[in-house]
Amino acid sequence: MTLVVRSASLALVSMVLLGPTAARADVAATGVAVPDSGDRAGLVALVDLIVRRLSLADEVAAAKLADGRPIADPVRERRLLDAVAALAARSGTAPEAGVRFFRAQIEAGKMVQRGLHARWRAHPELRPRRHPDLAGEVRPRLDRLTPPLLRLLRETEPVRASDGRCWSGLAAARLAVEARTGLDRLHRDALDAALAPLCDPAQAERVTWWRVRGAEHHGLVPLAATRVQLGDLRPAGRPRPEA
């Protein structure tokens, strides 16, 4: 791993832990674009709502397990995506962008549900005692998150249209939210899928989600390639660390 890559990684972490002002000089030295405070606030709000929606997948999983329902619900998914397309068009967001984003949220939610069902079947003692009402309780809460998610998707379009600002801003936002919520491995992996459509997919091949663990670091740090090609940031022969 080169010194430039390490500096970029630590600078993005310090931007969250120390604040943007204290970290700005370090980040500027790496060539990684730094989101301003307004960019970061919008992305933090967006990631925070994505995590809130993802957390409701736990209740969906509990309800489906109790009722014996399958995890996939194509009719419900199609209805949601049709509603998203219509709402996006009315709110000034490209319908295809809204649908692509929400399709990722649906798949991320199903990742959590599959993981929890496998865990609960292997360890019945961990099954939730409470079985929420899926149609009357959980889905209305999910649906209430749709309009604000689309609004934030639209409001963050300027920063997300910039490759460097999108990846570095998303890194800072994710660190801030994960440090506050303490997601487990299952939910962090699902969050990877949920965040995938937010930045230019052509840039995704140039980013490695590098897990930084220790007393001063939290979560997954995406290292953005803006002026330098970073490629795979893991040192040769070292596997991706586990949680």
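Residues numbered from 1 in each chain as written. Predicted model: local features only at pLDDT ≥ 70, side-chain atom pairs only at ≥ 80, totals over all residues. Heavy atoms only, no water.

Some words on the state of the cysteines
Phase 1: Within this structure, the stated rule accounts for one disulfide.
Phase 2: Cys166 shares a disulfide with Cys199; S-S distance 1.9 Å. One disulfide, between Cys166 and Cys199, carries an S-S torsion of -90 degrees and so falls in the left-handed class. In this pair, Cys166 is assigned in helix α8 (residues 163-181) and Cys199 in the loop between α9 (185-195) and α10 (201-204), connecting sequence segments 33 residues apart. (Disulfide = S-S within 2.5 Å. Helix = DSSP H or I, 4+ residues; strand = E, 2+ residues; numbered from the N terminus.)

Thoughts on α9
Phase 1: In terms of residue burial, α9 counts as a mostly covered element, since eight of its eleven residues are buried.
Phase 2: Turning to α9, its buried residues are Leu186, His187, Arg188, Ala190, Leu191, Asp192, Ala194 and Leu195. (Buried < 20%, exposed > 50% of the residue type's maximum accessible area, 1.4 Å probe, protein only.)

Concerning the confidence of the model for the protein chain
Phase 1: Taken residue by residue, the protein chain gives an average pLDDT of 77. The fraction at 70 or more is 66%.
Phase 2: This stretch, residues 1-35, has a pLDDT under 50; its non-local contacts, to residues over four places away or in other chains, come to 64 contacts. (pLDDT = per-residue confidence, 0-100. Contact = heavy atoms within 4.5 Å.)

Looking at the packing of aromatic side chains
Phase 1: One pass over the structure, following the stated rule, counts one aromatic pair.
Phase 2: Relative to Phe102, the ring of Phe101 lies with its centre 5.3 Å away and its plane at 90 degrees, an arrangement referred to as edge-to-face.
Phase 3: Classification of Phe101 by relative accessible area gives buried; the value is 1%. (Phe/Tyr/Trp six-rings, centres within 6.5 Å; stacked < 30°, edge-to-face > 60°.)

Let's talk about the packing of helix α5 (residues 95-122) against helix α6 (residues 134-155)
Phase 1: Running from N to C, α5 and α6 point in directions that differ by 120 degrees, and their axes come no closer than 11 Å. Relative to α6, the element α5 lies oblique. Read as a crossing pair, α5 and α6 show a hand that is right-handed. Counted together, Ala97, Gly98, Phe101 and Phe102 of α5 and Thr146, Leu149, Leu150 and Leu153 of α6 form the full contact between these two elements. (Axes fitted to C-alpha atoms, helices over the stretch in contact; angles between N-to-C directions. Parallel < 35°, antiparallel > 145°, perpendicular 65-115°, else oblique. Left-handed = near helix turned anticlockwise from the far one by under 90°.)

Some thoughts on α6
Count 3.6 residues to each turn of an α-helix, and residues three or four apart come out pointing the same way.
Phase 1: Taking 1.5 Å as the rise per residue, α6 with 22 residues should run 32 Å; its terminal C-alpha atoms sit 31 Å apart, in good agreement.
Phase 2: The largest bend in α6 comes to about 30 degrees, at Pro140.
Phase 3: Two or three places before Ala135, at the opening of α6, Asp133 has a side-chain oxygen 3.3 Å from that residue's backbone nitrogen. (Expected span 1.5 Å × (residues − 1). Bend = angle between axes of the 7 residues up to and from the residue. Polar contact = N/O pair within 3.5 Å; in protein donor to acceptor, adjacent residues only side chain to side chain.)

Quick notes on the nonpolar core
Phase 1: Among the nonpolar cores identified, the biggest contains 50 residues, and Ile50, Phe101, Leu149, Leu191 and Leu198 are the most heavily contacted of them.
Phase 2: Going through the elements one at a time, α3 (37-67), α4 (74-91), α5, α6, α8 and α9 are the ones with two or more residues in this core.
Phase 3: When residues of this core are assigned to their parent elements, the largest contribution, 15 residues, is made by α3.
Phase 4: Other than its neighbours up to four places away in sequence, Leu191 contacts Ile50, Val51, Leu54, Arg174, Glu178 and Leu183. (Core = buried A, V, L, I, M, F, W, Y, C linked by side-chain atoms within 4.5 Å.)

Considerations on the pattern of salt bridges
Phase 1: In total, this model carries 15 salt bridges according to the counting rule given.
Phase 2: Glu59 serves as the salt-bridge partner of Arg141, at 3.0 Å between the closest nitrogen and oxygen. Within this pair, whereas Arg141 is found in helix α6, its partner Glu59 is found in helix α3, the two being separated by 82 residues in sequence.
Phase 3: A relative accessible area of 30% means that Arg141 is categorised as partly exposed. (Salt bridge = Lys/Arg side-chain N within 4 Å of Asp/Glu carboxyl O.)

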